[in-house]
Amino acid sequence: MKDRSYFIEAALRYEELLESGQIISLDAFVAQEPPEVREDLRAFLEFNLTLGELDEPAILSPAEEAAASRVMALARAAFERELSGEPVQNLTDLRKARQVTVGRLARQLKLPVDLLARLERGKVRVATIPERLIERLADALQTTTSTVQAALLAPPPVSAAARLNAEDGIVEPEEPVVSFAQAFADSAPTDEERAAWADVLPGA
Amino acid sequence: MTQQRSWYEVVLECQERVARIRAVLTTGGALTPDLQADLDAVILAMRNWIFGRARILGLDEDARSDVLLAAINQLHKDLRSPGFSSMERRFGAYISTTVNRILQERNNTQQNILSPTVSLDAPVGDDGPPLHEVVEDPTSERLVEAHRSEDERRRLYEVIAALPTTERIVITHRLEGVRGTDIAQMLGMSPANVSHIYNRAVKRLRQTLTTRESP
């Protein structure tokens, strides 16, 4: 299966052809590409042409500004870690390196254990994780916030169940990736846990 | 007094920064503080456009953040890819295409944003008539009619020449009298999607001409 870069590059090639004055139909263009990607590529090219270039920039609300800053900090930390050549550790690796169990770390953070386990499985949308949790994880794991940010974007460990299912050819429905607020609500927090995170999750 | 820069100027500036970063990263060099500042500036310039696009498509706040994160991660990856030199020449197209691909991937899994095929019953703009009523809209011909003098007409064609490729193709063909459905056939697209491109182009032309012509 071709990755995202392939589709982006193919769309840019198609646009370059149009720009050079060669009006070639989408069908004729995709016919030159590998058969297994033609259908998806054709749909994407039409989608891309229809949506067109980016519109005017939006003026961001304070909440959006904060969300964008959080995302940029996360991505930057992960990129720096990647460029440094150091092995990328996920949250489970960081926790195990400190020889702490999920339960103990969850109690330390005043988080439901299910939520922390879900975070480690990569099933919480990273962009929605509160900065305060990143800071507290860094404190608890005696590391830097950028290490935690990079860990949150690192691939999660492959679960034993997933390995067994792959060997047996069993296909189970994939666990959805949800926002931090949703994952918190799903994990039936105690009153103490609710109180501890009330300022970042007012409705929880 | 500060002057607001156009998208085109911002894109050109980003393109230069991207070329500087790629010259180092694709040859195994390290990201110096200067290059990190270039990268931060590029991402800062992109983010409001990305949020704007995601907002128009009705994505909620969390989903907008997801799209921004995916776009930055993709940029980081492609900056190091020796084969991705087109981003140094056509950065605006690269970013638009990247965001559109991320949106389409979301669309494929969630079916919650704009369909790749626009419905002919969808309104044009926020409260315009249904798209099928304006498929063969003569606005572009009227624009030419309104620009009678040679000077005005030259200005109109200058603005058309600066349109994004697909919009330029659609508008130019329409001005040559080619029907929207024939353009759709030529490009292999649905007539509704061609109409969508055409309407966007007309809107952009109007905006640019109004801005230029107002004192």
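Read on for a plain summary of the structure. Note that the structure is predicted; figures quoted are calculated from it, not measured. Along each chain, residue indices are assigned from 1 in the same order as the chain's sequence is written. Chains and ligands are labelled sequentially in the order written, the chains with letters from A and the ligands with numbers from 1. With the structure being a predicted model, the display of local features is reserved for residues of pLDDT at least 70 and the display and counting of side-chain atom pairs for 80 or more, all residues being used for whole-chain, interface and lining totals. Note that water and hydrogens are dropped before the side-chain values are worked out from all heavy atoms of the structure.

Our next topic: the overall build of chain B. Starting at the N terminus, helices and strands are each numbered in turn, a helix being any DSSP run of H or I of at least four residues and a strand any DSSP run of E of at least two. Helix and strand counts for chain B come out as 10 helices and 0 strands. Whether a residue is buried, partly exposed or exposed follows from its accessible area with a 1.4 Å probe, protein chains only, as a fraction of its type maximum: under 20%, in between, or over 50%, in that order. The 215 residues of chain B split such that 50% are buried. Contacts in chain B between residues far apart in sequence, at least 24 positions, make up 62% of those at least 6 positions apart. For chain B, the computed accessible surface area is about 10500 Å², with 52% contributed by carbon and sulfur atoms. Working rule for contacts: check all heavy atoms of both residues, and any pair within 4.5 Å makes them a contact. Shrake-Rupley sampling with a 1.4 Å probe provides the accessible areas, and residues are treated as covered by the protein chains on show and by no other component.

The subject of this paragraph is the overall build of chain A. Scanning chain A for helices and strands turns up 12 helices and 0 strands. At 22 Å, chain A has a C-alpha radius of gyration far larger than the 17 Å of a compact globule built from 204 residues. In terms of overall dimensions, chain A has C-alpha extents of about 65 × 50 × 35 Å along its principal axes. Put simply, 66% of the contacts in chain A that link residues at least 6 apart link residues at least 24 apart. In the form shown here, chain A has an accessible surface area of approximately 10300 Å², with 51% of it arising from carbon and sulfur atoms. Here the globule rule reads 2.2 Å times residues to the power 0.38, and the radius of gyration is calculated from C-alpha atoms.

On to the interface of chain B and chain A, then. Between chain B and chain A, the contact holds 72 residues from the first and 57 residues from the second. Summed over both partners, the accessible area (1.4 Å probe) lost when two parts come together is defined as the buried area. Here chain B and chain A share an interface that buries about 5900 Å² over both sides, 58% of which is from carbon and sulfur atoms. Broken down residue by residue, the surface that chain B buries against chain A is led by B:Arg53, B:Arg90 and B:Arg101, which jointly contribute 11%. The working definition used for a salt bridge is a side-chain nitrogen of Lys or Arg within 4 Å of a carboxyl oxygen of Asp or Glu. Where chain B packs against chain A, one counts 12 salt bridges. For the salt bridge of B:Arg90 with A:Glu15, the shortest nitrogen-to-oxygen distance reads 3.6 Å. Pairs of N or O atoms are called polar contacts if they sit within 3.5 Å, as long as, within protein, a hydrogen donor faces a hydrogen acceptor (for residues adjacent in sequence, only side-chain-to-side-chain pairs). At the surface where chain B touches chain A, the tally comes to 31 residue pairs in polar contact (both at pLDDT 80 or more). Where the side of chain B that touches chain A is concerned, the elements lending two or more residues are α1 (7-25), α2 (33-56), α3 (61-79), α4 (86-89), α5 (91-110), α8 (165-175), α9 (180-187) and α10 (191-213) of chain B. By residue class, the composition of the side of chain B that touches chain A is 31 nonpolar, 22 polar and 19 charged. As a working rule, the residues Ala, Val, Leu, Ile, Met, Phe, Trp, Tyr, Cys and Pro are called nonpolar, Asp, Glu, Lys and Arg charged, and the rest polar, with Gly in that last group.

On to α3(B), then. Quick reminder: α-helices carry 3.6 residues per turn. Residues three or four places apart thus point the same way. Residue and element names in this part refer to chain B. End to end, α3 covers 27 Å across 19 residues, agreeing with the expected 27 Å (1.5 Å per residue, within 8%). Burial analysis of α3 places 15 of its 19 residues in the buried class, the great majority of the element. Between the side-chain oxygen of the N-cap and the backbone nitrogen of Asp-62 there are 3.2 Å, and the N-cap of α3 in question is Asp-60. One less than the number of residues in a helix, times 1.5 Å, gives the span that helix is expected to have.

As a further point, take α9(B). All names here are of chain B. Within the span of α9, buried status applies to Gly-180, Ile-183, Ala-184 and Leu-187. Along the long axis of α9, the arc covered by the buried residues comes to 105 degrees, so they all point the same way. Once α9 finishes, Gly-188 follows within two positions and takes phi at roughly 75 degrees, a positive value. To be clear, the arc concerns the directions from the helix axis to the C-beta atoms.

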